[in-house]
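Structural overview for review
Take a look at the letters that make up each chain.
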Amino acid sequence: MLDAFQEFFRELAQTNPKWNFIYLYDPVQTERVLTGLWMTIKLSVICVALSVVIGVVGAWLQGSPIKWLRMLVQGYIQFFRNTPPLVQLLFFYFALGQFTPTYAPDGWVEVPVISNVGWAILSLSFFAGAFNVEIFRSGIEAVPDSTKEAADALGMNRLQIYRYIVLPLAFRVSLPSLNNNLVNLVKTTTQAIVIAVPELLYQLVSIYNDYSTAQNACMVLMFIVYIVLVGILVMGMNKWERGMRIPGYGQN
Amino acid sequence: MSETEWTPDQPIVSIKDVHKSFGDLEVLKGVSLDVMKGEVICIIGPSGSGKSTLIRCINALNDIQAGSIQVEGLEVNTTGLDKLALRKKVGMVFQQYNLFPHKTALENVMMAPLLVLKQPEEEVEKRARALVKKVRLEGKEDSYPGELSGGQQQRVAIARSLAMNPDVMLFDEVTAALDPETVKEVLVTIKDLAAEGMTCILVTHEMGFAREIADHIYFTDRGVIVEHGPPKTFFKSAKDPRTREFLSQIL
Ligand SMILES: Nc1ncnc2c1ncn2[C@@H]1O[C@H](COP(=O)(O)OP(=O)(O)OP(=O)(O)O)[C@@H](O)[C@H]1O
Ligand SMILES: [Mg+2]
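Summarised in this report is the structure supplied together with it. Note that this is a predicted model, so its numbers are computed, not measured.

Residues and elements named next belong to chain B. Spatial strand order, E6-E7-E8-E3-E9-E10: 6 strands in an open sheet with mixed pairing. Two strands close off the open sheet at either side, each with one partner strand: strand E6 (90-93) and strand E10 (224-229). Recorded for the sheet is a direction-independent mean angle of 20° between the axes of neighbouring strands. Relative to E10, strand E9 (residues 216-221) runs antiparallel, the two sharing 5 bridges. Note on E10: the bridge partner recorded for Tyr218 is His228. Packing of helix H5 (residues 150-162) onto the sheet brings it into contact with E6 and strand E7 (168-172), and relative to E6 it is tilted by some 170°. Running over the sheet, helix H9 (residues 241-250) touches strand E3 (40-44), E9 and E10 and is turned about 100° from E9.

Attention now goes to unusual backbone geometry. All names here are of chain B. The phi dihedral of Arg136 falls on the positive side, at around 60°, and the residue is not glycine. Turning to its location among the elements, Arg136 is positioned in the loop between helix H4 (121-134) and H5. In this structure, Asn165 is a non-glycine residue whose phi angle is positive, near 55°. Among the structural elements, Asn165 can be located in the loop between H5 and E7.

The extent of an interface is frequently quoted as the accessible surface area lost upon association of the parts. Each partner contributes residues to the interface: chain B has 24 residues there, and chain A has 20 residues. In total, about 1,900 Å² of surface goes out of reach between chain B and chain A, with carbon and sulfur atoms giving 68% of it. Applying the counting rule to chain B against chain A returns 3 salt bridges. Arg56(B) serves as the salt-bridge partner of Glu149(A), at 2.7 Å between the closest nitrogen and oxygen. At the junction of chain B with chain A, the criterion picks out 5 residue pairs in polar contact (both at pLDDT 80 or more). Breaking the side of chain B that touches chain A down by element, the ones donating at least two residues are helix H2 (83-89), helix H3 (105-115) and H5 of chain B. When the residues that make up the side of chain B that touches chain A are grouped by side-chain class, the tally is 13 nonpolar, 5 polar and 6 charged.

Turning next to H3(B). Residue pairs three or four apart in sequence face the same way in an α-helix, which turns once every 3.6 residues. Most of H3(B) sits out of view: 9 of its 11 residues are buried. What H3(B) keeps buried is the set Ala105(B), Leu106(B), Asn108(B), Val109(B), Met110(B), Met111(B), Ala112(B), Pro113(B) and Leu115(B). On the buried face of H3(B), the contacting elements are helix H7 (158-188) of chain A together with H4 and H5 of chain B.

Residues and elements named next belong to chain B. By secondary structure assignment, the location of Asp17 is in strand E1 (residues 13-22). Residue class for Asp17 comes out partly exposed when judged on its relative accessible area of 43%. Through-space distance from the C-alpha of Asp17 to that of Gly30 is 4.2 Å; in sequence the pair is 13 residues apart. Those residues in contact with Asp17 that lie beyond four places of it in its chain are Gly30, Val31, Ser32, Ala66 and Gly67. Of the polar contacts made by the side chain of Asp17, one reaches the side chain of His19; its length is 3.4 Å.

Residue and element names in this part refer to chain B. With antiparallel pairing, 4 strands are arranged side by side in an open sheet as E2-E1-E4-E5. Across the chains shown, the open sheet's two edge strands, defined by having one partner strand only, are strand E2 (25-35) and strand E5 (74-75). With 2 bridges connecting them, strand E4 (residues 66-71) and E5 associate as antiparallel partners. The partner of Val71 across the bridge, within E5, is Leu74.

This next bit is on a nonpolar patch on the surface. Residue and element names in this part refer to chain A. A surface patch of nonpolar side chains, about 430 Å² in accessible area, is lined by Trp19, Val220, Ile224, Val228 and Ile232. Looking at the element boundaries, Ile232 is found in helix H9 (residues 215-244). Residue Ile232 is classed as exposed on the basis of its relative accessible area, which comes to 52%.

Counting residues in hydrophobic clusters, the biggest one holds 78 residues, and the most contacted among them are Met156(A), Ile165(A), Leu178(A), Leu182(A), Val197(A) and Leu204(A). Take this core: its biggest share by element is 14 residues, from H7(A). Once you skip the residues sitting within four places of it in the chain, Leu182(A) turns out to touch Val48(A), Ser51(A), Val52(A), Asn132(A), Leu233(A) and Met237(A). Listed in part, the 49 residues of the second largest apolar core include Val183(B), Leu193(B), Ala210(B) and Phe235(B).

All names here are of chain B. Near ligand 1 you find 13 residues, and of these Ser47, Gly48, Lys51, Ser52 and Thr53 are the closest. Between an oxygen atom of ligand 1 and a side-chain N or O atom of Lys51, the distance comes to 2.7 Å. Ser52 is positioned with one of its side-chain polar atoms (N or O) 2.6 Å from an oxygen atom of ligand 1. Contact with the protein chains hides 58% of the accessible area of ligand 1, taken as 640 Å² for the molecule alone.

All names here are of chain A. Packing of helix H2 (residues 27-62) against H7 brings their axes to within 10 Å, and their N-to-C directions diverge by 135°. With respect to H7, the axis of H2 lies oblique. Crossing geometry of H2 relative to H7 is assigned as right-handed. Where H2 abuts H7, its residues Ser44, Cys47, Val48, Ser51, Val52, Val56, Ala59 and Trp60 lie against Arg158, Leu159, Tyr162, Leu167, Phe171, Leu178, Leu182, Leu185 and Val186. Across the contact of H2 with H7, the residue classes break down as 14 nonpolar, 2 polar and 1 charged.

Parameters and conventions
- Residues numbered from 1 in each chain as written.
- Chains lettered and ligands numbered in written order.
- Predicted model: local features only at pLDDT ≥ 70, side-chain atom pairs only at ≥ 80, totals over all residues.
- Heavy atoms only, no water.
- Pairing = 2+ DSSP bridges.
- Helix = DSSP H or I, 4+ residues; strand = E, 2+ residues; numbered from the N terminus.
- Axes fitted to C-alpha atoms, helices over the stretch in contact; angles between N-to-C directions.
- Contact = heavy atoms within 4.5 Å.
- Buried area = accessible area lost by both parts, 1.4 Å probe.
- Salt bridge = Lys/Arg side-chain N within 4 Å of Asp/Glu carboxyl O.
- Polar contact = N/O pair within 3.5 Å; in protein donor to acceptor, adjacent residues only side chain to side chain.
- Nonpolar A, V, L, I, M, F, W, Y, C, P; charged D, E, K, R; others polar.
- Buried < 20%, exposed > 50% of the residue type's maximum accessible area, 1.4 Å probe, protein only.
- Patch = residues over 30% accessible without salt bridge, like charges linked within 9 Å, V, L, I, M, F, W, Y side chains within 5 Å.
- Areas by Shrake-Rupley, 256 points an atom, 1.4 Å probe, with all protein chains shown as cover.
- Core = buried A, V, L, I, M, F, W, Y, C linked by side-chain atoms within 4.5 Å.
- Near = heavy atom within 4 Å.
- Parallel < 35°, antiparallel > 145°, perpendicular 65-115°, else oblique.
- Left-handed = near helix turned anticlockwise from the far one by under 90°.

Have a look at this one:
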C-alpha cells in the first residue's frame, strides 16, 4: 500500500519533472519535512502563548500609576509595532546575540545560552505581544468604570478586580482582534528562516535547493500546511469565543 | 488614631463639616449628619445638589478635602485608611446595578465573600442561596444579569452587597433606572432590610417611600443640608422656602 503510494510519486516525478513530490517517497526528505513541521508547530504554540502573556501583563502595566512604567510599555509597543519583524529577528540574533553569555555543555565548545530558536521565540513573541498589549488595552477600556467601582465597593483589591472582572470582560471584547493578530503571528514564524531556525520553510527551501525539481511540490506543501495550521487556530479561537459568550450580553 | 472605640449608643455613621470639591467646583460645603445604628435616613434634593457625592464619600469612593467621616469609629478621611475594614462595614448599591455581566446571579453574590473574606465555598454558597431567596429571586440563581429585568438585577445587587455582611447599607437612587412596575419590588426588599434593623442611608426621589420608611429626612441643596427632620414634621411643615419649592414640585 505505502509502497504503491511512494511508487506513484516516484513515477510522477519521472514523467513530470516539474512535480517532484520527493518528500512523499524519499524517507530522508520526509524526515526533514516532519522535523520542520514540528519546529513550526512548537514555534507557533510557544509564541502564541508567550505573546498573550506579554499582552496581558503589558496592558496591566499600562494602567499602572507609575509613569515611567507606562512610558516603558509605550516605548516597547512603538518599537515593535513600527519596525519590520524580519529586522527584529536579525537584530535580536546578530546584535543582542553578541552580548549574551556563552557556556560549554560538553566542556569544549562554547555555545550561547540563547540559541537561534530561543531568539526567534523571544523576538516573535515580543513582536506579536506589542499588538496584543494594544488589543487588550482597548478591551480593558471597554469595561465600564462603574463595574470596577462596584467591585471596589465590595472590597476587592486592584489585582482581584483585574483578574476576575476586567480581564474576563476585556477578553471577550478583544477576541476578534486577538484572533487576527495570532493568525498573523503564526504566519510570521516563517521569517525565522533568516536566522536559520529549522522550521518548515527552512527545511522545504533546503530540500528544493538540493532537488530543484521539488520546488513546486514544496511550495504546494507550504501552502497546505499553513492553511491547515491557521485553520486549526481559527477554529479553536472561534470555539473559545462561543464558549465565552454570555447569555443576554453583547451581540448574540 | 484612625479608629476610636465605638459603642452602639454613638452614631454608627458620623459626618462632620465635610467639604468636597471637584477641581474648582465645591460640591459639599460643610455637611454634617449623624446616623444611629438601625436608623433609616433618606437624603433628598434637586439634581446636582451633591447627594451621590455625599454617600460616595462615606465609603471612600470619593475623597474629601476637609471634615471628618467616621463609620463605627473608623475615620474615613485619613491617608492610611484601611479600606478593607471600611468595606466590611459599609455596603453600597448603585443606580445602574453594576452587576458582573459574566457571572450568574448566584456567582455575583458569592464572589466577594470568596475572594475578599476568603470564606469556605460551601458556606458562602449556602448563604448566597439564602440571600437570593431573601430578595425574592428563587429560581434565578443561574441566570446571567443580561437575562434579568432591571428590578431583578437591582435585587441581585442588593443581595451581593449583603453577602459581605455590612453594618450600614448605602443606596444611591437605586430605583431611578427602573420601570414604575418594578420599582415596588426593589422598595419592598429595602423595606424588609430596614425592618430587620439594618442601618440604611438612601438617596431617593420616591417621596412616598421616604415618608413611609425613613426615621429622618435630609434635604440638600447646592452642597448644604438645608433642612432635616422626621418625615411627619418634615413633609408637613418644612420651613425653608427652598425645601417647600422642591417638595411642591415633586409631590
Ligand atoms: N467625578 C466628578 N468630577 C467632576 N464633577 C463631578 C463629579 N461627580 C459629580 N460632580 C459634580 O458634582 C455635583 C454634584 O453631583 P452629585 O452626583 O453628587 O449630585 P446628585 O445630588 O447626586 O444629583 P442627581 O440627583 O442628579 O444624582 C454636580 O454638579 C456634578 O456635576
Ligand atoms: Mg446622584
